[in-house]
Amino acid sequence: MELFCIQSQEHPELPLAELKAVMECENIDATIDVVAEGLVILKDIPDERIDQYHETLTKRLGYTHEVHQLIMKSSPERLSEDIPSINWQDYISETFAVRVKRLNSQIDTVATERKAGALILDNCNDIKVKLREPNSLVRMVASKNDIYIAVEKFKLNKKHFVESKPHKRPFFYPGSMSPKLARCMVNLSRVTEGQLLLDPFCGTGGILIEAGLIGCKVVGSDIYWKMKNGAAINLDHFGITDYRTFNLDVRELKMYEKVAAVVTDPPYGISTSTGDIEGDNIFKEFFIAIYDNMRDDAYLCMASPHYVDLKPMADEVGFEIVEQYGIKMHRSLTRIISVIRKKLD
């Protein structure tokens, strides 16, 4: 069986990197086929695992807009034959809607939706079309001359990434990371439900929120009490209960339990304040402080400015950089997202 992912095109690499990381840590055994920009098919999935994989991906992914179970690959010319050949009773419960999305295709979406809906109705008993909040959604994606026919079994909560933007939280401070990038970074750390994740520069708690929402235990610390307290307010607001927040300097960090992942956005730039640590030294001090607080198999995912070379500092402490991705913020700054782990002997 196959799953069909419609990915964000906000970044050329992060959506696929995030998907691969989640597949790795959640033991999702499938073959990845990138069929077009923003379209990925996961193939060779065992029948008994399809719903589990589908639910896991919809719960975790940030840079993927939709995940559907792929039923069939068709074309505009074959729709009249292919749609009636599907046993729709296996996929539709009482009410349904058809939604068509175009990617590099000139297909008439409204006409195709009506045609597909009529063909389904003609070949299925005891179901009705319901355009608002149907029980079942049939998703068709037209890419060039192909049409992928799929069904949504688990809904991805896209509204969360809008409703949880930094300025909409109870405690706000300028410069906070977007929830979608925070979720992606959590996923790049390969952490799983029930494991302990640390953000030692937690700020307003954006990374902790995203980790908490996928079921992680979270710990955040910040050198400023205002941030530590604000992060706790935001975590409470999102219903996250398995957390601790501390007001301390990262150099004083001694975890009661070694963590499975560290995800963080250390402060940098003229407008930020980092206590008595100056310039790039904050990154080296951070590496030294965090090393013994991480499990040997833990990953660190962090953001940094492009003008800071993390490699020599990471090497000196005993880390290795395994992935890096650049996000252009404005003309003079590119944010680098690095995935780091302890060097393997």
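The structure reproduced in this document is the subject of the present report.

Rules behind the numbers
- Residues numbered from 1 in each chain as written.
- Predicted model: local features only at pLDDT ≥ 70, side-chain atom pairs only at ≥ 80, totals over all residues.
- Heavy atoms only, no water.
- Axes fitted to C-alpha atoms, helices over the stretch in contact; angles between N-to-C directions.
- Helix = DSSP H or I, 4+ residues; strand = E, 2+ residues; numbered from the N terminus.
- Parallel < 35°, antiparallel > 145°, perpendicular 65-115°, else oblique.
- Left-handed = near helix turned anticlockwise from the far one by under 90°.
- Contact = heavy atoms within 4.5 Å.
- Nonpolar A, V, L, I, M, F, W, Y, C, P; charged D, E, K, R; others polar.
- Buried < 20%, exposed > 50% of the residue type's maximum accessible area, 1.4 Å probe, protein only.
- Pairing = 2+ DSSP bridges.
- Core = buried A, V, L, I, M, F, W, Y, C linked by side-chain atoms within 4.5 Å.
- Polar contact = N/O pair within 3.5 Å; in protein donor to acceptor, adjacent residues only side chain to side chain.
- Salt bridge = Lys/Arg side-chain N within 4 Å of Asp/Glu carboxyl O.

## Some details on the packing of helix H9 (residues 281-291) against helix H10 (residues 310-317)
Packing of H9 against H10 brings their axes to within 9 Å, and their N-to-C directions diverge by 30°. Considering the angle they form, H9 stands roughly parallel to H10. Crossing handedness for the pair H9 and H10: right-handed. Of the residues in H10, those in contact with Phe283, Lys284, Phe287, Ile288 and Tyr291 of H9 are Leu310, Met313, Ala314, Glu316 and Val317. For the contact of H9 with H10, the residue count by class is eight nonpolar, no polar and two charged.

## Observations concerning helix H2 (residues 50-60)
Burial in H2 covers these residues: Ile50, Tyr53, His54, Thr56, Leu57, Thr58 and Arg60. Where H2 is buried, its residues touch strand E1 (2-7), helix H1 (14-25), strand E3 (39-43), strand E4 (64-74), strand E8 (146-152) and helix H6 (179-188).

## Points about the sheet that holds strand E9 (residues 196-199)
Overall, mixed pairing links the seven strands, which are arranged E11-E10-E9-E12-E13-E15-E14 in an open sheet. Because the sheet does not close on itself, it has two edges, and the strands there are strand E11 (243-247) and strand E14 (319-330). Within the sheet, the average angular offset between the axes of one strand and its neighbour, ignoring direction, is 15°. In this fold H10 packs onto strand E13 (294-305), E14 and strand E15 (333-342), with an angle of close to 155° to the strand it touches most, E14.

## Brief notes about the nonpolar core
By size, the foremost hydrophobic cluster in this structure holds 36 residues, and its most contacted members are Leu14, Leu181, Met185, Val186, Leu188, Leu197 and Ile337. Mapped onto this core, the elements with two or more residues apiece are H1, H6, helix H7 (206-213), helix H8 (225-237), strand E12 (259-264), E13, E14 and E15. Setting aside residues up to four positions removed in sequence, Leu14 forms contacts with Tyr63, Leu181, Cys184, Leu188, Tyr325 and Ile327. Listed in part, the 28 residues of the second largest apolar core include Val259, Ile282, Phe286 and Ile290.

## Quick notes on the side chain of Asp265
For Asp265, the position within the fold is in the loop between E12 and H9. The exposure class assigned to Asp265 is buried, which follows from its relative accessible area of 19%. A polar atom in the side chain of Asp265 sits 3.4 Å from the side chain of Arg335. When near neighbours in sequence (up to four residues on either side) are disregarded, Asp265 contacts Met177, Asp199, Phe201, Ile207, Ala303 and Arg335.

## Thoughts on the pattern of salt bridges
Taken as a whole and judged by the stated rule, the model has 22 salt bridges. Notably, a salt bridge pairs Lys73 with Asp146, separated by 3.8 Å at the nearest N-O pair. Of the two residues, Lys73 sits in strand E4 while Asp146 sits in strand E8, which places them 73 residues apart along the sequence. We classify Lys73 as partly exposed; its relative accessible area is 47%. For Asp146, a relative accessible area of 26% gives the class partly exposed. One salt bridge in this structure joins Asp82 and Arg78, with 3.4 Å as the shortest N-O distance.

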